[in-house]
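Residues per chain, in single letters:
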Amino acid sequence: MRAVVSKTIDGVLKYVNKHDDRTEALLKLTDLSEKLRGDKFEKKVFDGARNLIHNPDAKWMKYTNKVLDEIDPHVAKMHALNLGYQAGFYGYSKTCEFEKEHGYRIPWIILMDPTSACNMHCTGCWAAEYGHRMSLSYEDLDSIVTQGEKLGIYFYMMTGGEPLMRKKDIVKLAEKHNKCMFYAFTNGTLIDEEFCKDMQRLGNISLALSVEGFEEVNDSRRGSGCFEKVMHAMDLLKEHGLIFGTSICYTSKNYKTVTSDEFLDMLIDKGVRYAWYFHYMPVGNEAATDLLLTPEQREYMYHRIREIRGFEGGKPIFVFDFQNDGEFVGGCIAGGRFYCHINPNGDVEPCVFIHYSNANIHDKPLLECLSQPLFRAYQMGQPFNENDLRPCPMLENPEALQKIVHATDAKSTDMQSPETVESLCGKCEAYAKCWAPEAEKLKEANPKQITREKGTLPEV
């Protein structure tokens, strides 16, 4: 099937690069997507895509044409084949079959940290709490991916520390596991010409560069000269026809700047195709709670993100809000439901922000780690709130995380300064209480399309 899909993509890309035949080629790609994923999405989704393709003046059709004009064809193919087919269709379908057979979910995305080491120390970064002493060896990383492929997991995201401190090992992994997609969240300062050429050659490595605003604001958090280095990295990535985005932590201090027209225009001009927005999380014993947003500020983000990516107006850049888009993915996606996190010590955690675990890859096979008590309890508790604008068991439902951690006897995995679950969740209690009524108002104004039953914690 992969060979058939690969040939189809080759045929589509052959005509996509000829403007006169582009509409027909994209319609063929939509037909193929419907054949592969028609059981997962309503027919109106694919009909909507066809209507969009027939309208070359539409905002998102202009965006698509610009991407196809500027991206290296091999990079485009490998993203479609590895991320679209292998991970998004084949792998995800395999993990769904696993759930039917075994009664619990395994993730179709694994987020792992090659190292805790970083060349920077940014304010508010959870990785800064880890220290700089731990790393997963190449053999560890290779073992995780090898075991994961057998389970149907073909999408591997990487954080740190700074994952590009392990550039050579990432390239080696991508070469060996050429059916997988590798994706790194990076500060961008270590991107160079050689690495861009490797990304272009392989086609199955992509990046999200961290940026927190314009130069003054960004460098006040990340260090002098960082902004200029990131801008240079974006220029290199664009020159090599690579697909990349940004990773933006929004706080009470920068939320308007990082969603402003001026900021987005700058990113678009640099070749950024999409932006991940992450709500600030007060992780770590020394985390500052004054960076948490007020209810009014978070509501602004809710509306602004939807305005940016609207079918009309906004900006031609696709934006995701990891917290406020919970309504599109059914709340919390962690704990193995869609993804999990493996820290540089090998601890398998439910989420990159939740540093507790019952399992380590050095002690148990990956599958056994994915079925640990903490993950099973997480899944029994999901959704943690009937309002998907309150998805997180820590930030919006702090009582839920405390109950799960105690019920499963999960241990703190913070490698520098272990934090009790009471301390972590205590920093979120006032926030959760203030956000709850505003979230309910937004829910009433924007009712869900699907009603799901809330899970219950098992007896442990």
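What this report covers is the structure whose coordinates are included nearby.

What counts, and where the lines are drawn
Residues numbered from 1 in each chain as written. Predicted model: local features only at pLDDT ≥ 70, side-chain atom pairs only at ≥ 80, totals over all residues. Heavy atoms only, no water. Helix = DSSP H or I, 4+ residues; strand = E, 2+ residues; numbered from the N terminus. Expected span 1.5 Å × (residues − 1). Buried < 20%, exposed > 50% of the residue type's maximum accessible area, 1.4 Å probe, protein only. Phe/Tyr/Trp six-rings, centres within 6.5 Å; stacked < 30°, edge-to-face > 60°. Contact = heavy atoms within 4.5 Å. Bend = angle between axes of the 7 residues up to and from the residue. Polar contact = N/O pair within 3.5 Å; in protein donor to acceptor, adjacent residues only side chain to side chain. Salt bridge = Lys/Arg side-chain N within 4 Å of Asp/Glu carboxyl O.

## Points about helix α6 (residues 138–151)
Between its first and last C-alpha atoms α6 spans 20 Å; for 14 residues at 1.5 Å apiece the expected length is 20 Å, and the two agree. Considered for burial, the residues of α6 that qualify are Y138, D140, L141, D142, I144, V145, G148, E149 and L151. Within two residues after α6, G152 carries a phi angle of roughly 100°, on the positive side.

## Remarks on the packing of aromatic side chains
A full pass over the atoms with the stated rule returns 22 aromatic pairs. Here the aromatic rings of F185 and F278 are separated by 6.0 Å at their centres, their planes lie at 80°, and the arrangement is edge-to-face. With F185 in strand β3 (residues 181–186) and F278 in strand β6 (residues 274–279), this residue pair connects regions lying 93 residues apart in the sequence. Looking at F278, the relative accessible area reads 16%, which means it is buried. Centre to centre, the rings of F318 and F320 are 4.9 Å apart; their planes meet at 65°, and the pair counts as edge-to-face. F318 sits in the partly exposed class, given a relative accessible area of 32%. Residue F320 is classed as partly exposed on the basis of its relative accessible area, which comes to 28%.

## Side note on the environment of H79
Relative to the helices and strands, H79 resides in helix α5 (residues 73–102). The spatial distance from the C-alpha of H79 to the C-alpha of K253 is 35 Å, given a sequence separation of 174 residues. When neighbours within four sequence positions are excluded, H79 is seen to be in contact with G84, M181, G203, I205, S206 and I243.

## Considerations on α5
Roughly 35° is the biggest bend found in α5, and it falls at Q86. A distance of 2.9 Å separates the backbone nitrogen of H74 from a side-chain oxygen at the start of α5, and that oxygen is part of D72. After α5 finishes, the residue G103 shows a positive phi value of roughly 85°.

## Topic: the pattern of salt bridges
Per the counting criterion, the structure on display carries 27 salt bridges. As a salt-bridge pair, D10 and K77 come within 3.0 Å of each other at their nearest N and O atoms. Taken together, the residues span a long stretch of sequence, with D10 in helix α1 (residues 2–16) and K77 in helix α5 at a distance of 67 residues. Under the relative-accessibility criterion, K77 is labelled buried at 16%. The partner of K441 in a salt bridge is E438, with the nearest N and O atoms 3.6 Å apart. Of this pair, K441 and E438 both sit in helix α18 (residues 429–445), three residues apart, which is roughly one turn of the helix. Given the relative accessible area of 52%, K441 is considered exposed. Three or more residues joined by partner-sharing salt bridges are found here, namely D31, E34, K43, D47 and R50.

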